[in-house]
Amino acid sequence: MSDHSFILTLKCDDKRGIVAAVSGAVSALGGNILESNQFRDPENNMFFMRLTFAPDGRDDADELRARLAPVITAYDMDAQIVDAGRVPKIILMVSKFDHALLHLLYQIKVGWLKAEVVAIVSNHEDARRAAENEGIAYHHWPVTKETKPAQEARLLTLVEETGAELVVLARYMQVLSNDLSKRLAGRIINIHHSFLPSFKGAKPYHQAHERGVKLIGATAHYVTADLDEGPIIEQETERVSHALTAEDYVAVGRDIESRVLARAVRLHLQGRVLPNGAKTIVFSQA
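All values derive from a computational prediction rather than experimental measurement. (Residues numbered from 1 in each chain as written. Predicted model: local features only at pLDDT ≥ 70, side-chain atom pairs only at ≥ 80, totals over all residues. Heavy atoms only, no water.)

**Brief notes about the pairing of strand S9 (residues 188-193)**
Put simply, the test is: The classification of residues rests on relative accessible area computed with a 1.4 Å probe and restricted to protein chains. Under 20% of the type maximum is buried, over 50% is exposed, and intermediate values are partly exposed. Per the convention used, a helix needs a DSSP run of H or I reaching at least four residues, while a strand needs a run of E reaching at least two, with both numbered from the N terminus. The pairing criterion is simple: DSSP has to find at least two bridges between the two strands. By the criterion used throughout, a crossover qualifies as right-handed when its path from the first strand across the helix to the second strand runs clockwise, the strands pointing away from the viewer.
The buried fraction of S9 is high, at six of six residues. Burial of the side chains of S9 extends over both faces: Ile 188, Asn 190 and His 192 are buried on one face and Ile 189, Ile 191 and His 193 on the other. Summarising the sheet, strand S8 (residues 166-169) and S9 pair through three bridges and their orientation is parallel. Pairing of Val 167 across the sheet is with Ile 188, part of S9. For the crossover from S8 across helix H6 (residues 178-183) to S9, the handedness is right-handed.

**So, the environment of Thr 147**
Applicable threshold: In protein, a polar contact means a hydrogen-donor-capable atom and an acceptor-capable atom, both N or O and within 3.5 Å, with residues adjacent in sequence counting only if both atoms are side-chain atoms; elsewhere, any N or O pair within 3.5 Å suffices.
With respect to the secondary-structure elements, Thr 147 resides in the loop between strand S7 (138-140) and helix H5 (148-162). Relative accessible area serves as the criterion here: at 32%, Thr 147 is assigned to the partly exposed category. From its side chain, Thr 147 meets the backbone nitrogen of Thr 144 in a polar contact 2.7 Å long.

**Describing the sheet that holds strand S1 (residues 6-13)**
Backbone hydrogen bonds are what pair the strands of a sheet, in a parallel or an antiparallel way. The line we're drawing: Orientation is described by lines fitted to C-alpha atoms, with helices fitted over the stretch in contact, and by angles between N-to-C directions that extend from 0 to 180 degrees. Throughout, a contact is declared for two residues whenever any of their heavy atoms are within 4.5 Å.
With respect to topology, four strands assemble into an open sheet ordered S2-S3-S1-S4, the strand pairing being antiparallel. The sheet is open, and its two borders are formed by strand S2 (32-41) and strand S4 (78-83), each paired with just one other strand. Direction aside, the axes of adjacent strands within the sheet are offset by 10° on average. In terms of strand pairing, S2 meets strand S3 (residues 46-54) through nine bridges, oriented antiparallel. Each residue of the ladder has a partner; that of Arg 40, found in S3, is Phe 47. The sheet contacts of helix H1 (residues 18-28) involve S1, S2 and S3, and relative to S3 the element is tilted by about 20°.

**Section: the pattern of salt bridges**
Just so we agree on the cut-off: A carboxyl oxygen of Asp or Glu within 4 Å of a side-chain nitrogen of Lys or Arg is what we treat as a salt bridge.
One pass over the structure, following the stated rule, counts 14 salt bridges. Across the pair Glu 234 and Arg 263 runs a salt bridge whose closest N-O atoms are separated by 2.8 Å. Highlighted residues: Glu 234 in strand S11 (residues 232-239) and Arg 263 in helix H8 (residues 246-269), separated in sequence by 29 residues. Here Arg 263 falls in the partly exposed class, since its relative accessible area comes to 24%. Residues joined by salt bridges that share partners form a network here, namely Glu 234, Glu 236, Glu 238, Arg 259 and Arg 263.

**Some thoughts on the environment of Leu 68**
Inspection of the secondary structure puts Leu 68 in helix H2 (residues 61-74). A residue is classified by how much of its surface remains accessible, and Leu 68, at 3% relative accessible area, is buried.

**Considerations on a nonpolar patch on the surface**
Our working rule: Patch definition: residues with relative accessible area over 30% and no salt bridge; like charges joined within 9 Å; nonpolar side chains (Val, Leu, Ile, Met, Phe, Trp, Tyr) joined within 5 Å. The Shrake-Rupley method, run with a 1.4 Å probe, gives the accessible areas here. Residue values count only the displayed protein chains as cover.
A cluster of nonpolar side chains, contributed by Tyr 106, Val 110 and Trp 112, occupies part of the molecular surface with about 300 Å² of accessible area. Within the secondary structure, Tyr 106 sits in helix H3 (residues 99-109).

**Considering the side chain of Ser 181**
With respect to the secondary-structure elements, Ser 181 resides in helix H6. There is a polar contact of 3.0 Å between the side chain of Ser 181 and the backbone oxygen of Ser 177. Ignoring any residue separated from it by four or fewer positions in sequence, one finds Ser 181 in contact with Leu 176, Val 223, Thr 224 and Ala 225.

**Quick word on the nonpolar core**
Buried together is how nonpolar side chains tend to be arranged in soluble globular proteins. Short version of the rule: Nonpolar cores are built from buried Ala, Val, Leu, Ile, Met, Phe, Trp, Tyr and Cys residues. Side-chain atoms within 4.5 Å join them into one set.
Core analysis: the largest hydrophobic core is formed by 43 residues, its most contacted members being Leu 92, Leu 104, Ile 120 and Leu 261. Each residue touching Leu 261, except ones within four places of it in the same chain, is listed here: Ala 100, Leu 104, Val 168, Leu 169, Ala 170, Ile 189, Ile 191 and Ala 220. One finds Cys 12, Leu 29, Met 49 and Leu 51 within the second-largest nonpolar core, a separate group that totals 22 residues.

**Some remarks on H1**
Filter applied, for reference: The arc under discussion is defined with respect to the helix axis, by the directions toward the C-beta atoms.
Among all positions in H1, only Ile 18, Val 22, Ala 25 and Val 26 are buried. When H1 is viewed along its axis, its buried side chains cluster within an angular range of 100° and face the same direction. Those residues of H1 that are exposed and aimed more than 90 degrees away from the buried face are Ala 20 and Ala 28. Lining the buried residues of H1 we find S1, S2, S3 and H2. Count one or two residues on from H1 and you reach Gly 30, which has phi positive near 80°.

This is how it looks when you write it as structure tokens:
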């Protein structure tokens, strides 16, 4: 048995025998299934599956995909296979508020989040020291209406040059263009506050305090042209009360945003998030 494992994710039209066919194909490789999750969406008759397995041998991901091609083709699957032991490369983007950025860097340092930050991009200089402390390349790219297209082109070049498979907006307070959102669809995760009602503009937590909100929270989602309305990956809320100040609301919000974003990034990098139209299928680890 191989000393490392691979992650197979797939989606296709739901048909009888998919689980048996996939399990049989993995078994034929001499593989041992370590974890298996599946879901059928009755609304669109789509089937989703995530399977972790250890093959018998030292095939790489491309070789395993070739060996599993017959079952993938038979069910017309949209399938991906990645080495579970790889260290994915990511780019972090931040403006002035660095709480979510620092939390991600810490979770990487302690090993809870397995990733390599190949660059930090910001429209301000505030996070440069954090990048330098970690030995991470820091790109200060100020953004104006006139420079936005050039800055986004530089970002696309940076993604290609570094081989980053994910861009994380860790409180990056700039609206991305529709073109960039489409070019990196499914590869950009954003975090934002989420209240009922949803407060927009400056100082949302102060607005929430003024309205006597009893629940505050955060939502991590994929970036689309619809701004903060992309497919949701992870959310969390926490109760607050009249006894808290506006600054207390801000502190609670910072903590929630940091936790939710880190969980969303981890779920994505582990291949636990499968797109399903405007929604996502999230196979959380038991």
